Amino acid sequence: MIPIEFRAISDALSSEEGERIAIRGWVYRKREFKDKIFLVIRDSSGIIQCLARKDNQKAFEEARKATIESSVEVEGCIKKDPRAPGGCELKVDELKIVGLAAPFPITKSAVDASSDFLLDVRHLWIRSRRMTAILKVRDTVFRSIHDFFRSRGFYEVQAPMFVTAAVEGGASLFKVDYFGRRDVYLTQSSQFYLEVLIYSLERVYTIAPSFRAEKSRTRRHLTEFWHAEAEAAWMDLNELMRLEEDLICHIVSTVLSERAEELGLLGRNVKALELVEPPFPRLAYDEAIEILQEKGFDIQWGDDLGSDEERALTMDFEKPVFIYGYPEKCKAFYHKPDPSRPEITLSADLLAPEGYGEIIGGGERIENLDVLLDKIKKFGLDPKDYEWYLDLRRYGTVPHSGFGLGTDRLVMWICGLQHIREAVPFPRDIRKVYP
RNA sequence: GCCGGGGUAGCUCAGCCAGGUGGAGCGCCCGGCUGUUAACCGGGUGGUCGUGGGUUCGAAUCCCACCCCCGGCGCCA
């Protein structure tokens, strides 16, 4: 129908007055009058108002038929007009409906209520400007993670999703039917496989799903989440924390420079993000307990930090904050004891500010076979389940460290979202597996 | 696993305490409107009141059982 080349709407908006252009996209808003119809058309790049006048009867008639979310091709001339959103509109010469949309089920009331209904129609809600903005930020976050690790000499690797042993312990594993074989599960973490791979590549990372069958009902838990994990030979806890803060700063600054428009659309307070620069505050677990006791929390040394406690600690800082040196019993068995204080581990969590909480957990791993065996037994686990993991300590073991970043939580914090489900295109939690 | 809240029109909700012919806004359809910005104005359309049972002359409303959903905690990323 239309002889000239289609252009992105963002491109059309910056065209010269009077320029003849063609666009294609979906009807985002429609306002109908006696002698004119305004169609706001969206594509992946933006929105533009199109004006169909009655004197062009054919185009007017097509515009009249076009429903919200119908896909259309439009050709016309660019006109600067202060009355148009963005100060620029397209005067329609030709309009073709490609796919006429049935009445769109998502209404303003559902959007305003951020209702559960939007999750049931996520396959349609995904095209909203809000979800589009979040997905663009998410894209930038994932890409900047890859860029960062490559710039630091890390190799990207892939670990299996079907596994036979737990990383953290058995309670939160999804069991799968693997040709009738017993004890096959979906992975909770790629960490152990990354620990294998450092013996050939030394510095490795992966971005992959992790699965946790925890019956968590909170705004920061999913049963399937995207886990960015890294492991490095010879690295100690201080080097690890520097690496983590550099990673977070790189991601945040990339999003700030490339996704300012999307953050604005999401209503994110970017000033809070602009403060995210190294170094991050480092708080020893011991200090954290003292601070919490001063704040009136009923907490003793040795207790794990709950979400109220974490929130109270991050309140005092504008940047993400490290909590390091957790007691042995608060952390998984593979965390290395501090040689000078065996009751604590060389571990560190990174807590995001503004109440978002834990986004990274990591630390030094036990490299000594006997220490690891003792720890496994102490935690009530069976060394038989960890044979190949133990082998790594038998054949040229090295000190090493690693961490896991919850990318969905990171996107949630960077975008300022109320719920982690908003940060994922198709979230899976304890109930939702559709669409 | 523990604690709390809810299920009424396509969507968001009121009605329930105190039983008496099921409502509003949005959507959709029709009409109006000289440029709208989540348009606006008038009219119309639209319901096994989560499911099953009980009490009652009469149940969305009271009672019992069950199903489903939401939030918080714990666990973690």
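Just so it is clear, the model here is predicted, and its values are computed rather than measured.

Thresholds, definitions, all that
Residues numbered from 1 in each chain as written. Chains lettered and ligands numbered in written order. Predicted model: local features only at pLDDT ≥ 70, side-chain atom pairs only at ≥ 80, totals over all residues. Heavy atoms only, no water. Pairing = 2+ DSSP bridges. Helix = DSSP H or I, 4+ residues; strand = E, 2+ residues; numbered from the N terminus. Contact = heavy atoms within 4.5 Å. Axes fitted to C-alpha atoms, helices over the stretch in contact; angles between N-to-C directions. Domains from an automatic or database assignment. Buried < 20%, exposed > 50% of the residue type's maximum accessible area, 1.4 Å probe, protein only.

### What about the sheet that holds strand β16 (residues 357–365)?
Working step 1: The strand order across the open sheet formed by eight strands is β6-β9-β10-β17-β16-β15-β12-β11, and the pairing between neighbours is mixed. Each end of this open sheet is capped by a strand with a single partner; those strands are β6 (155–156) and β11 (282–284).
Working step 2: By the bridge criterion, two bridges tie β6 to strand β9 (residues 203–211) in an arrangement that is parallel. For Glu156, the partnering residue across the bridge sits in β9 and is Tyr205.
Working step 3: Packing of helix α12 (residues 307–314) onto the sheet brings it into contact with β11, β12 (321–324), β15 (347–352) and β16, and relative to β15 it is tilted by some 75°.

### Digging into the domain arrangement of chain A
Working step 1: Domain assignment breaks chain A into domain 1 (9–99) and domain 2 (122–423).
Working step 2: Put simply, the middle of domain 1 and the middle of domain 2, counted by C-alpha atoms, are 47 Å apart.

### Some remarks on the environment of Leu247
Working step 1: Position of Leu247 relative to the elements: it lies in helix α8 (residues 237–258).
Working step 2: Of the residues examined, Leu247 reaches a relative accessible area of 0% and is grouped as buried.
Working step 3: Put simply, Leu247 and Asp147 are 100 residues apart on the chain and 9.8 Å apart in space, counted from C-alpha to C-alpha.
Working step 4: The residues contacting Leu247, other than those within four sequence positions of it, are Ile145, Phe148, Phe149, Phe403 and Leu405.

### Concerning helix α15 (residues 407–415)
Working step 1: Most of α15 sits inside the fold, with eight of its nine residues counted as buried.
Working step 2: For α15, every residue scored as buried is listed here: Thr407, Asp408, Leu410, Val411, Met412, Trp413, Ile414 and Cys415.
Working step 3: Immediately downstream of α15, the backbone of Gly416 shows phi near 70°, a positive value.

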